[in-house]
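# Observations on chain architecture
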Amino acid sequence: MAGKLQNKIAIVTAGGSGIGAATARRFAREGAAVVIADLSGSRAERVRSDIVSAGGRAVAFKMDVADPEAVEATVKLAIDSFGRLDILFNNAGMAEVSLIHETSLESWQRVLAVTLTGTFLGMKYAIPVMRRQGSGVVVNTASISGIRGDYGMGSYNAAKAGVINLTRTAALENARHGIRVNCVCPGAINTRVAEILGKGHPDEFRQRMGAAHPVGRMGEADEIANMVTFLASDEASFITGASFVVDGGVTASTGLPQMPGIQS
Ligand SMILES: NC(=O)c1ccc[n+]([C@@H]2O[C@H](COP(=O)([O-])OP(=O)(O)OC[C@H]3O[C@@H](n4cnc5c(N)ncnc54)[C@H](O)[C@@H]3O)[C@@H](O)[C@H]2O)c1
């Protein structure tokens, strides 16, 4: 049976780990050929090798989404390797934790460069190719942190909010050119963030983050890949300019505690 993305050509940035790796593997299982682009060449190579061993098509590319030449080269690699570009999963992003008044300008600029400018650059170089083809799909990774604030994550909150609104503008500009642009807003997902942000206590981090979600646990990378795959597929043909929370119910809440006497 043909997959949802049969014969499509996709780029997945930050494809070497977490949400990107789960999505690259899923895209390949659905019949797409995938360019796995990541700052870590070894992580990208591991995902490529798994996909090819399972009978799929993939190439790995070490790159930095904040570097315009590297992003342009990634798009060129997709064309040179597979002949076209149907799907861009613009997924790379990064956070650094500090209070706004204690955040250095360098840290602010680094987070914005990877998370927001990187998303812009992916679209800047992919959209002309998609316009020439008359079709294409972009899925950007935003976050619930682009909808609400987090203590100590100001640069990330600002960058992800920017991703959500840039998604809308890109959708408007390209709707008549056969290109759809949407974004996903994950809640806390069980990837390397538990090690990175958990400061040596990943299990405690997972436990605290999970408890903050109405469903009582963090999400898994495959649960984001499910939404991205749907948005990238023709099943989402009437969906553009939208953002989709996949967050175990976090943003359904005002954040206030349960009323006295109520136990749900
Ligand atoms: N994990 C979460 O809780 C969560 C929640 C909401 C949104 N997100 C977003 O999802 C995306 C993926 O996060 P994840 O948790 O899967 O991360 P992860 O840490 O598991 O993987 C991130 C990958 O990105 C690569 N990378 C980092 N900087 C890069 C750059 N400049 N250029 C190219 N590649 C780069 C890393 O090498 C790594 O392989 C990010 O945009 C993140 O902000 C994550």
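These lines cover the structure that appears in this document, whether it is placed above or below. Since this is a predicted model, take the numbers as computed values, not measurements.

## Thoughts on the site of the ligand
Surveying the vicinity of the ligand reveals 27 residues, the closest of which are Ala14, Ser17, Gly18, Gly93 and Thr191. Broken down by element, the residue count for the shell around the ligand peaks at 3 residues, all from helix H1 (residues 18–29). Taken together, the residues of the shell around the ligand sort by class into 12 nonpolar, 11 polar and 4 charged.

## Section: helix H5 (residues 154–174)
Under the 1.5 Å per step criterion, the end-to-end length of H5 is 30 Å for 21 residues, consistent within 8% with the ideal 30 Å. For H5, the set of buried residues is Gly154, Ser155, Tyr156, Asn157, Ala159, Lys160, Val163, Thr167, Ala170 and Asn174. Residues of H5 that are buried in the fold lie against helix H4 (105–133), strand E5 (136–141), strand E6 (179–186) and strand E7 (243–246).

## Overview of the nonpolar core
Formed by 73 residues in total, the largest nonpolar core has its most connected members in Val34 and Ile36. Sort the elements by how many residues they give to this core and H4 lands first, with 9 residues. Those residues in contact with Ile36 that lie beyond four places of it in its chain are Val12, Gly15, Gly16, Ala24, Ala44, Val47, Arg48, Ala58, Ala60 and Phe61.

## Considerations on the environment of Gly15
Summarising the element assignment, Gly15 is placed in the loop between strand E1 (9–13) and H1. When the C-alpha positions of Gly15 and Leu39 are compared, they lie 9.2 Å apart, and in sequence the two are 24 residues distant.

## Some details on unusual backbone geometry
Of note in the backbone geometry, Ala14 takes a positive phi value of approximately 55 degrees without being a glycine. With respect to the helices and strands, the residue Ala14 is situated in the loop between E1 and H1. Of note in this structure, Lys199 is not a glycine but carries a positive phi near 45 degrees. Its location among the elements puts Lys199 in the loop between helix H6 (193–197) and helix H7 (202–211). Taking the C-beta count within 10 Å as the criterion, Lys199 has 10 such neighbours and is therefore assigned exposed.

## Overview of the pairing of strand E4 (residues 87–90)
By the alternation rule, side chains of E4 split into Ile87 and Phe89 and Leu88 and Asn90, which are all buried. Two strands pair when backbone bridges link them, and E1 and E4 are joined in this way by 3 bridges, in the parallel orientation. Looking across to E4, one finds that Ala10 is bridged to Ile87. By the bridge criterion, 4 bridges tie E4 to E5 in an arrangement that is parallel. Of the residues in E5, the one forming a bridge with Ile87 is Val137. You can see the chain leave E4, run along H4 and come back into E5, and the turn it takes is right-handed.

## A short note on the environment of Gly55
In this fold, Gly55 is placed in the loop between helix H2 (41–53) and strand E3 (57–62). C-beta crowding within 10 Å serves as the criterion here: with 8 such atoms nearby, Gly55 is assigned to the exposed category. Counting along the chain gives 25 residues from Gly55 to Glu30, while the straight-line C-alpha distance between them is 12 Å.

## Focus: the pairing of E1
Extensive coverage of E1 is indicated by the burial of 5 of its 5 residues. Alternating positions in E1 separate into two faces, Ile9, Ile11 and Thr13 on one and Ala10 and Val12 on the other, with burial throughout. Here E1 pairs with strand E2 (residues 33–38) via 5 bridges, running parallel. Within E2, the residue paired with Val12 across the bridge is Ile36. Taken together, E1, H1 and E2 constitute a β-α-β crossover, and its handedness is right-handed.

## Re the packing of H1 against helix H8 (residues 221–232)
Where H1 contacts H8, the axes come no closer than 8 Å and their chain directions differ by 55 degrees. In terms of orientation, H1 lies oblique with respect to H8. Helix-helix and strand crossings are classified by hand; for H1 and H8 the assignment is right-handed. Touching Gly18, Ile19, Ala22, Thr23, Arg26 and Phe27 of H1 are Ala221, Asp222, Ile224, Ala225, Val228 and Thr229, all from H8.

## A closer look at the sheet that holds E7
Strands sit in the order E3-E2-E1-E4-E5-E6-E7 across an open sheet of 7 strands; the sheet is parallel. Strands at the two margins of the open sheet, each flanked by one partner only, are E3 and E7. Taken over all neighbouring pairs, the strand axes of this sheet differ in orientation by 15 degrees on average, direction set aside. Sheet strands touched by H5: E5, E6 and E7. Its angle to E6, the strand with the most contacts, is close to 165 degrees. Against the sheet, H8 contacts E4, E5, E6 and E7, and its axis sits at roughly 165 degrees relative to E6.

What counts, and where the lines are drawn
Along every chain, residues carry numbers that run from 1 in the direction the sequence is written. Where totals are concerned, whole chains, interfaces and linings use all residues; where local detail is concerned, this predicted model gives features only for residues with pLDDT of at least 70, and gives and counts side-chain atom pairs only at 80 or more. The rule is simple: place the C-beta atom from the backbone, and if it lies within 6 Å of a molecule or strand, the residue is near it. Under the scheme used here, helices are H or I runs from DSSP no shorter than 4 residues and strands are E runs no shorter than 2 residues, and both carry numbers assigned from the N terminus. When residues are grouped by polarity, Ala, Val, Leu, Ile, Met, Phe, Trp, Tyr, Cys and Pro land in nonpolar, Asp, Glu, Lys and Arg in charged, and all others, Gly among them, in polar. An expected span of 1.5 Å times one less than the residue number is assigned to each helix. Neighbour counting defines burial: a residue surrounded by 20 or more other C-beta atoms within 10 Å of its own C-beta is buried, one with 12 or fewer is exposed, and intermediate counts give partly exposed, using backbone-placed C-beta atoms. Distance between backbone-placed C-beta atoms decides contact: two residues are in contact if it is within 7 Å. Buried Ala, Val, Leu, Ile, Met, Phe, Trp, Tyr and Cys residues form a nonpolar core when they are connected through C-beta atoms within 7 Å. Here, a strand pair is defined by DSSP locating no fewer than two bridges between the strands. We call a crossover right-handed when, viewed with the strands running away from us, the connection from the first strand over the helix to the second turns clockwise. Only the stretch in contact is used when fitting a helix axis, every axis being a line fitted to C-alpha atoms; angles between N-to-C directions are given from 0 to 180 degrees. Any angle from 65 to 115 degrees is called roughly perpendicular, while one under 35 is roughly parallel, one over 145 is roughly antiparallel, and all others are oblique. Should the near helix be turned counterclockwise from the far one by less than a right angle, the crossing is left-handed, whereas a clockwise turn marks it as right-handed.

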